[in-house]
Amino acid sequence: GHYGQDLKEYDFSDLLLELEQIDGLERIRISSIEITELNDKFMEEFKNNLKICSHLHVPIQSGSDNILKSMNRKYDIAYFKEKTKLIKSLRDDVNLTTDLIVGFPGETDGDFYETKQNLIDIGFSKIHTFPYSIRRGTKASTMIQVNDTVKKNRTHEILELSDHLEHEYYEKYIGKVVSVLVEDNYSGFTSNYIKVHFDEYQENNKFVDCLITEIDGITVKGKVK
């Protein structure tokens, strides 16, 4: 997201535009990117450049303003919600995933449940969850720590929520035909990062149209047409 800071009048969005011009390059998948790096120029490129995959992994780290402030994050929940709402308005099929730190020093039950509700409100489809661990020399290491058992329980609770949200997101695609890039002969990914499994052998690095037939937990099954 900070690409081009050492250049004049050229940034990450310009790079995406240039990549779009490459013949034979069908997909551009962006990895983890900070919410503060999704500026107006990027949003315009995301809207118009259909080679950019309809999946963004945007770390939130906490859904509580109190904890975000303690973490010295450069955004609050209102800002995060405004940005993600805009992203969803640009593409109906966009898949938003995130990273979350559970049990950061000072996180109360109230902070945790506020986080949980905001994760639901934002509409993430998957939440990569990590319990806070002490890093010596950081300010957080000197703060009041959350009990390990509490951290463990909260982590499991978020993982269960993540599975539920992921299943819900996938269910919307039952009966729909999607374009899948085959990656290991029997499965591949859609633009919005749904891994689809199929029974018949397919040639790798090829696009196939696939009818989504079943969602088994968080496993998506389909039939190549």
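In what follows, the structure referred to is the one given above.
All figures in this text were calculated on a predicted structure; none of them were measured in a lab. (Residues numbered from 1 in each chain as written. Predicted model: local features only at pLDDT ≥ 70, side-chain atom pairs only at ≥ 80, totals over all residues. Heavy atoms only, no water.)

S.K.: Hey, could you go over the overall build of the protein chain for me, with residue numbers and the actual values?
M.R.: Secondary structure assignment for the protein chain yields 6 helices and 8 strands. Taking all 225 residues of the protein chain together, 44% fall into the buried category. Residue pairs at least 24 apart in sequence account for 66% of intrachain contacts in the protein chain once pairs closer than 6 positions are excluded. When the accessible surface of the protein chain is split by element, carbon and sulfur atoms take 49% of a total near 12,600 Å². With 29 positive and 39 negative side-chain charges, the protein chain shows a spacing of 3 Å between the two charge centroids. (Helix = DSSP H or I, 4+ residues; strand = E, 2+ residues; numbered from the N terminus. Buried < 20%, exposed > 50% of the residue type's maximum accessible area, 1.4 Å probe, protein only. Contact = heavy atoms within 4.5 Å. Areas by Shrake-Rupley, 256 points an atom, 1.4 Å probe, with all protein chains shown as cover. Lys, Arg positive; Asp, Glu negative; His and termini not counted. Charge placed at Lys NZ, Arg CZ, Asp CG, Glu CD.)

S.K.: Describe the packing of aromatic side chains, with residues and values.
M.R.: Remark: the centre distance and the inter-plane angle together describe each pair of aromatic rings, the angle taken between the planes. For the coordinates displayed, the defined rule picks out 11 aromatic pairs. Here the aromatic rings of Phe-112 and Tyr-113 are separated by 5.0 Å at their centres, their planes lie at 75°, and the arrangement is edge-to-face. Looking at Tyr-113, the relative accessible area reads 45%, which means it is partly exposed. In textbook terms, an aromatic cluster arises when at least three aromatic residues are bridged by ring pairs, as seen for Phe-12, Phe-42 and Phe-46. The side chain of Arg-91 reaches across the aromatic face of Phe-46, ending 4.1 Å from its centre. Its end group placed over the ring of Tyr-173, Lys-176 keeps NZ or CZ at 5.4 Å from the ring centre. (Phe/Tyr/Trp six-rings, centres within 6.5 Å; stacked < 30°, edge-to-face > 60°. Lys NZ or Arg CZ within 6 Å of the ring centre and 35° of its normal.)

S.K.: Describe in detail the sheet that holds strand 8 (residues 219–224), supporting the description with residues and values.
M.R.: The sheet built from 5 strands closes into a barrel, its strands ordered 4-5-6-8-7 with mixed pairing. Averaged over all pairs of adjacent strands, the angle between strand axes in this sheet comes to 55°, irrespective of strand direction. Judged from the 2 bridges that link them, strand 4 (residues 177–182) and strand 5 (residues 187–189) form a sheet pairing that is antiparallel. Looking at strand 5, one finds that Val-182 is bridged to Gly-188. (Pairing = 2+ DSSP bridges. Axes fitted to C-alpha atoms, helices over the stretch in contact; angles between N-to-C directions.)

S.K.: Mind laying out the state of the cysteines, listing which residues take part and the relevant values?
M.R.: One pass over the full model with this rule turns up 0 disulfides. Cysteine Cys-53 shares no disulfide, and the gap to the nearest cysteine sulfur, in Cys-210, comes to 17 Å. Looking at Cys-53, the relative accessible area reads 2%, which means it is buried. Since its relative accessible area comes to 0%, Cys-210 is described here as buried. (Disulfide = S-S within 2.5 Å.)

S.K.: Describe unusual backbone geometry, and please don't skip the residues or the numbers.
M.R.: Even without being glycine, Asn-72 reaches a positive phi, approximately 65°. Mapped onto the fold, Asn-72 is located in the loop between helix 3 (65–70) and helix 4 (77–90). Of note, Tyr-193 is a non-glycine position whose phi angle comes to about 65°, a positive value. Secondary-structure assignment places Tyr-193 in the loop between strand 5 and strand 6 (195–197).

S.K.: Which residues make up the sheet that holds strand 2 (residues 95–102), and what values do they have?
M.R.: Ordered by their spatial adjacency, 3 strands build an open sheet running 1-2-3, and the pairing between neighbours is parallel. Single-partner strands in this sheet number two, and they are strand 1 (55–57) and strand 3 (126–131). Averaged over all adjacent pairs, the angle separating strand axes in this sheet is 15°, with direction ignored. The pairing of strand 2 with strand 3 spans 6 bridges and is parallel. Its bridge partner being in strand 3, Thr-97 is matched across the sheet by Lys-126.

S.K.: Describe in detail the environment of Thr-190, supporting the description with residues and values.
M.R.: Within the secondary structure layout, Thr-190 lies in the loop between strand 5 and strand 6. When its relative accessible area of 2% is taken as the criterion, Thr-190 is described as buried. Measuring from C-alpha to C-alpha, the distance between Thr-190 and Ser-162 comes to 20 Å, with 28 residues separating the pair along the chain. When sequence neighbours within four positions are dropped, the list of residues in contact with Thr-190 reads Arg-27, Arg-29, Val-178, Ser-179, Val-180 and Val-196. Within polar-contact distance, the side chain of Thr-190 engages the side chain of Asn-192 at 2.6 Å. At 3.0 Å, the side chain of Thr-190 forms a polar contact with the backbone nitrogen of Ile-194. (Polar contact = N/O pair within 3.5 Å; in protein donor to acceptor, adjacent residues only side chain to side chain.)

That is the geometry; function is a separate question.
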